[in-house]
Structure formats: C-alpha cells, structure tokens
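Spelled out from the first residue to the last, the chains are:
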Amino acid sequence: MNGPNGASMSYFDYNATAPIRPEALAAVVEAMQSVGNASSMHQPGRQAAHRVDVARRQLADLLGCSPGEIIFTSGATEANNLALRAAFCAGSPLVTSPVEHPAVLETARAVTAESPEDLVLLPVDGDGLVDLGALEQVFAARSGGVVSLMAANNETGVLTDLRAAAKAAREAGALVHTDATQLVGRLPVDVAELDVDLLSLSAHKFGGPQGVGALYVRRGSPLPHRPLLVGGGQERGWRAGTLNVAGIIGMGAAAEAAARGLGEEAERVAALRDRLEDLVTGALPDCRINGRRDQRLPGVTSITFPGVPADAVLAAMPDVAASEGSACASGAPTPSHVLLAMGLSRADADSTIRFSLGYATTGAEIDHAARAIKRAVSQVRAALAEADGPR
C-alpha cells in the first residue's frame, strides 16, 4: 500500500476501514456501469432488484440467517440507531456497557433522554470484559427491555460472551441487540447460535465499500416499525429510500469472499498479530497489551507505551497507518472512553495505539511496522528527555 508521496505504507487500521476486497471492487465497478432502480418494474429495474436479492443471500449466508431477515442501511451507525429506537420502550431497561461504540452509547442516551433511569451501564473489568453478573442483578429487579452489547470491541478486540448475555436476557423477557461491526467477516457468525434479535454491521469493516451496511432483524421478534427514514417504504417499511445498488452488490461480494476460508484466515491473522506483539514487547519491554488476550479478535492489539504520547508516536512513523482509538471518535478532546472504563489512567490512555490487521496483512508489513514502532517510540522518548533536561 502506498502512503504519502508514494512511499510504502504498512496499513494497520482495519478496524477503521479494511482495504476493499478485489471481488467487491469488481462488483461495484460493474454495478455502477449498469442502470436501474431496484424499485422500478421495467427490465433494468428488475435486473437491479435481482442483484440486490443475490447480495442479500450472500450476506445472509455469512450470518447464518434468512435473506428476509436482512435490512440494508448506510452502515452500522444507522443500523444501531434503527435497532435501539425500535427495541426500546420507556419504562423498561436499556442495558448496555461503557465500552460500546459511540453509535450505540449516544443512541442509547438519546432514546432514554426522557427517562434516563432506564439506561443501565454494566461495569467492565480491567481486561475489558463486561460484568454479566451485573446483568443478572439488573433483571433481578426489572424485566423486559433490551440488552445491547457489542460482539467485539473496536479498540481492544475483546469479545463479549453474547450467548451468556442472551440467556440472561431471555429469562427476563428482554430483547438482545449486538453491534457486530468488528466481528462479521473476521470470525464465524451464526445469529441463531448467538440468540440475538438484532445485529448491526458495516460492509467496509470486512472489505466491502464504505457507506453501506445492514441490520439483521430476527423473524418473529416483537418489534414495531420505527423507521428513521420514511418515504417510499423500501426494505419492508424499515428504511425508506432508493437502495444503494452498487454498494449492496459490493457488500454481498465482500461477504462471499470473507466467508471462504474464514477460520483459516483468522488463524493466519492471529499469528501475525502475535508476531507483532512479540517483536514490539521484545524491543520495548515496558509497553503493555490491553484487553483479555485469550478472548479477542484475531487481528487487534491495543498497546500502551507509558509516558509517550500516542499522537507523537504516530507522527514519527508516517509509513505506518494505525490509530489512537476509534476512528469514528477521532478529534475528540477526551481520551478513549473504552480504556478509561477499563481502569487506565488518562496518561496511559493517551499513550495507547491500536493496531488492527486483516485479510491482506503480510509478514513483511509486520516486520516493517515493528521496526518503525521501536524507532518512533525511541525518538519521541529522546525528544521528551531532551526537552525536560537541564536549562
């Protein structure tokens, strides 16, 4: 991958967006050369509708659901909004966690604005695991409502035991939603096994185009239609508006490509991540890995470099693309809410970088990044020491 001025770039920001897969790129280009509104009844429209149906099946196969349970959206943010606005009812609890993506946290705060006592945030431990025991305590006092917990954290990669959460929710008569944006296309997903009612995703996290996603709505779930967009009644009344045919087709192609050899790919990526961690911690022994290391996504590592500002390290290695945290919250004046909830100090949160790998990551990129990280951290430390020296 090329960086600034055509220089070689090692890309480690798959959790922000993955490089588009060749299959998805080809599908999008071909689709954009065709004409047809999927709601039109003439032949070009019917052809577009057919290709949308194919993509719906491809995505459903990746999730282990029926095509009729898929609602196309502009991405996971819209899907999260749509899900929580449909599932929440004032007077019943909306249970989530402080390490959720802002697309869930801010939506949860918005829908409970008139009844803030309905919003319940479960604690997390120092490994980033949600306290599901606290979930049982919530339902010991209240019943019904909705539980919304992310399948995999976007900053640390830590996985949530969704089946255990769903079991507790079912016993209390609550619905279950998961923001599975980081999980889909990285590890096998079976919505029936997870026992969720609603699942949100974005195509660009697993190699599809940006600007398209989906919401899985379990058939038979007692959910009212509360669309964010009203108009023509597309997507069975859940989401009005002309379908993004090219984006949907690209997402379907990416889903089909991701499904092939998913287990083997996860093992390969996990091995590359472990190699990166070994090289970095070997060269910089005071750095720390955040999150439960045996219960996380294969391609994510969150590393704290104590006393070294993350933004300075990133600036010192322009040939490595990584992130201080969630790209969707970049520019925020506060440090990572995820790391703070896990108990890190503000100083350590500000000294943490997320490296996220994926389907196209190579061993050469790992070696290049490890050298660049060591060099950048050493340079920043030397500059800080010089600035703090005798005057």
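All of these numbers come straight from a predicted model, not from anything done at the bench.

**Section: the overall build of the protein**
A count of helical and extended segments in the protein gives 13 helices and 12 strands. In terms of C-alpha radius of gyration, the protein reaches 22 Å, essentially the compact-globule figure of 21 Å for 391 residues. Principal-axis analysis of the C-alpha atoms places the extent of the protein at approximately 75 × 55 × 35 Å. Counting every position in the protein, which comprises 391 residues, the buried fraction comes to 56%. Taking all contacts inside the protein whose residues are at least 6 apart in sequence as the whole, residues at least 24 apart take part in 73%. Taking the 33 positively charged and 43 negatively charged side chains of the protein as two groups, their mean positions are separated by 3 Å.

**Details of the sheet that holds strand β3 (residues 94-96)**
Here 7 strands make up an open sheet; going across it, the order is β2-β8-β7-β6-β5-β3-β4 and the pairing mixed. For this open sheet the edge positions go to β2 (70-73) and β4 (119-121), each flanked by a neighbour on one side alone. Across this sheet, the average inter-strand angle for adjacent strands is 20 degrees, counted without regard to direction. Two elements, β2 and strand β8 (residues 213-217), share 4 bridges in a ladder whose sense is antiparallel. When the bridges of β8 are listed, Phe72 appears paired with Ala214. Running over the sheet, helix α6 (residues 162-171) touches β5 (146-148) and β6 (175-179) and is turned about 155 degrees from β6.

**What to know about the nonpolar core**
Core analysis: the largest hydrophobic core is formed by 69 residues, its most contacted members being Leu59, Leu63 and Leu199. Ranked by residues supplied to this core, first place goes to helix α8 (residues 245-259) with 8 residues. Lining this core are residues from two domains, each supplying at least three of them: domain 1 (10-19 + 261-388) and domain 2 (22-257). If we ignore the near neighbours within four places in the chain, the residues touching Leu63 are Ile70, Val184, Val189, Asp190, Val191, Leu199, Leu201 and Tyr216. Among the nonpolar cores identified, the runner-up in size contains 28 residues, and Val280, Ile289, Val320 and Phe355 belong to it.

**Quick word on the pairing of β8**
Burial analysis of β8 places 5 of its 5 residues in the buried class, the great majority of the element. In this sheet, β8 lies alongside strand β7 (residues 198-202) in antiparallel orientation, the contact comprising 5 bridges. Following the sheet pairing, Ser200 is matched in β8 by Leu215.

**Focus: the packing of aromatic side chains**
Going through the model one piece at a time under the given rule, you end up with 2 aromatic pairs. With centroids separated by 6.2 Å and ring planes inclined at 90 degrees, the aromatic side chains of Tyr14 and Tyr359 adopt a geometry described as edge-to-face. With Tyr14 in the loop between β1 (10-11) and α1 (22-32) and Tyr359 in the loop between β12 (352-356) and α13 (363-387), this pair connects stretches of sequence that are 345 residues apart. Looking at Tyr14, the relative accessible area reads 3%, which means it is buried. Through successive ring pairs, a cluster of aromatic residues spans Tyr11, Tyr14 and Tyr359. Against the face of Tyr359 rests Arg21, its NZ or CZ located 4.1 Å from the ring centre.

**Comments concerning α1**
Every α-helix winds through 3.6 residues per turn, so residues three or four apart in the chain are directed the same way. Listing the buried residues of α1 in full gives Ala24, Ala27, Val28 and Ala31. Taken around the axis of α1, the buried residues stretch over an arc of 100 degrees, which confines them to a single face. Of the surrounding secondary structure, the elements contacted by the buried residues of α1 are α2 (43-63) and α8.

Reading guide: rules and limits
Residues numbered from 1 in each chain as written. Predicted model: local features only at pLDDT ≥ 70, side-chain atom pairs only at ≥ 80, totals over all residues. Heavy atoms only, no water. Helix = DSSP H or I, 4+ residues; strand = E, 2+ residues; numbered from the N terminus. Rg over C-alpha atoms; globule rule 2.2 N^0.38 Å. Buried < 20%, exposed > 50% of the residue type's maximum accessible area, 1.4 Å probe, protein only. Contact = heavy atoms within 4.5 Å. Lys, Arg positive; Asp, Glu negative; His and termini not counted. Charge placed at Lys NZ, Arg CZ, Asp CG, Glu CD. Pairing = 2+ DSSP bridges. Axes fitted to C-alpha atoms, helices over the stretch in contact; angles between N-to-C directions. Core = buried A, V, L, I, M, F, W, Y, C linked by side-chain atoms within 4.5 Å. Domains from an automatic or database assignment. Phe/Tyr/Trp six-rings, centres within 6.5 Å; stacked < 30°, edge-to-face > 60°. Lys NZ or Arg CZ within 6 Å of the ring centre and 35° of its normal. Arc of directions from axis to C-beta.

As far as function goes, none of this settles anything; it's purely spatial.
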